[in-house]
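Structure assessment
This is what each chain is made of:
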Amino acid sequence: MRPGYDFMIQAEGGLMSLTGEADDRPGGGPTKTGLAVSDLFTGMYAVQAVLAAILERERSGQGQHIDLALLDSTIAGLSMMAISGLITGTSPPRLGNAHPHVVPYRLYPTADRPMVVAVGNNAQFARLASAIGLPHLAADPRFATNRDRLQHREVLDDLIEDQMRDQPFSHWDAALTAADIPFAPVNTVLDALNLEQTRARGMRIELPHANGGTVPSPGNPIRLSRTPVRYRGAAPALGGDTESILRDVLGKSPQEVKRLRASGSI
């Protein structure tokens, strides 16, 4: 058993080899993700494992040990990239913001900010071509199907980039919305937290704090129709739950807790 941190596991688990621009592009090279996803993968698999063990206990009446590793969880999280590598015998390359199997499906510049365009089928591509003022692209045999577009990815991307960088995001927002094309601006964290949809879905909340006032926080994304998530309060201050854990969980008497505090143990 070795000690591990998310950063090193992203490297060892192959995730960093997929993240970032290709080596021959400006700024190319492997990079970690913006969040500790190996830690998050492992935590989410842990929840699934605990739930599975609880269900099995209901049948057998027996508990069991759960073994989870950061590396294992990261390997599992490689998903289709792992399957692709195993089948072809070749590690998938880094493509930056491009999709390995779908074109056009990447980040494009506009006159004032970048945006993501995600075209998933031929009908959407035809509507995109018309919406950006290049309707002839849909009839071009180089771009007729996704297979064709994959083969001519760089040519197509250059044509779309040259067209989209001439207008601000607001222009493409209106045009692509009208054409029913999947797209999104690249928001900052605060942009995302301030979205109308974020607030409407209860994903930005204020939690009462024991020291007074409230603490802003992202909400819980789970929606249960019969037993909805309930919030009790913000995370406690350092040691804020010590006495209640000693008393209510470990069964210590008030006198024992007082002695522990007097001795400096807590």
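Look above for the structure.
Everything numeric in this text was worked out from a predicted model, so none of it was measured.

We now examine the overall build of the chain. Looking only at helices and strands, one finds twelve helices and five strands in the chain. Against the compact-globule benchmark of 18 Å for 266 residues, the chain has a radius of gyration of 25 Å, which places it well outside the compact range. Burial statistics for the chain: of 266 residues in total, 24% are counted as buried. Counted over contacts in the chain with a minimum sequence separation of 6, partners at least 24 positions apart contribute 53%. Within the structure as shown, the chain displays about 17,800 Å² of accessible surface, and the carbon and sulfur contribution to it stands at 57%. Distance from the positive charge centre (26 side chains) to the negative charge centre (28 side chains) of the chain: 9 Å.

Time to look at the sheet that holds strand β2 (residues 115-118). On the basis of which strands lie adjacent, the open sheet formed by three strands has the order β1-β2-β3 and antiparallel pairing. Edge positions in the sheet fall to β1 (105-108) and β3 (183-185), since each has one partner strand and no second. Recorded for the sheet is a direction-independent mean angle of 15° between the axes of neighbouring strands. One ladder, built from four bridges, connects β1 with β2; its direction is antiparallel. Within β2, the position partnered with Leu107 by the bridge is Val116. Contacts from helix α7 (residues 153-164) reach β1 and β2 within the one sheet, and its direction differs from that of β1 by about 35°.

Turning our eyes to something else, we now look at the environment of Met164. Here Met164 is to be found in helix α7. In sequence terms Met164 and Leu150 are 14 residues apart; their C-alpha atoms lie 20 Å from each other. Filtering out sequence-adjacent residues up to four positions away, Met164 remains in contact with Tyr108, Pro109, Thr110, Ala111, Met115, Val117, Ile132 and Trp172.

A cluster of nonpolar side chains, Val47, Val50, Leu51, Ile54, Ile66 and Leu68, forms an exposed patch at the surface whose accessible area comes to about 460 Å². As for its position among the elements, Val47 is in helix α2 (residues 37-60).

Summarising the element assignment, His209 is placed in the loop between β4 (204-208) and β5 (214-218). Of note is the side chain of His209, whose polar atom sits 3.0 Å from the backbone nitrogen of Asn211. Each residue touching His209, except ones within four places of it in the same chain, is listed here: Thr214, Val215, Ala234, Ala235 and Ala237.

Rules of the game
Residues numbered from 1 in each chain as written. Predicted model: local features only at pLDDT ≥ 70, side-chain atom pairs only at ≥ 80, totals over all residues. Heavy atoms only, no water. Helix = DSSP H or I, 4+ residues; strand = E, 2+ residues; numbered from the N terminus. Rg over C-alpha atoms; globule rule 2.2 N^0.38 Å. Buried < 20%, exposed > 50% of the residue type's maximum accessible area, 1.4 Å probe, protein only. Contact = heavy atoms within 4.5 Å. Areas by Shrake-Rupley, 256 points an atom, 1.4 Å probe, with all protein chains shown as cover. Lys, Arg positive; Asp, Glu negative; His and termini not counted. Charge placed at Lys NZ, Arg CZ, Asp CG, Glu CD. Pairing = 2+ DSSP bridges. Axes fitted to C-alpha atoms, helices over the stretch in contact; angles between N-to-C directions. Patch = residues over 30% accessible without salt bridge, like charges linked within 9 Å, V, L, I, M, F, W, Y side chains within 5 Å. Salt bridge = Lys/Arg side-chain N within 4 Å of Asp/Glu carboxyl O. Polar contact = N/O pair within 3.5 Å; in protein donor to acceptor, adjacent residues only side chain to side chain.

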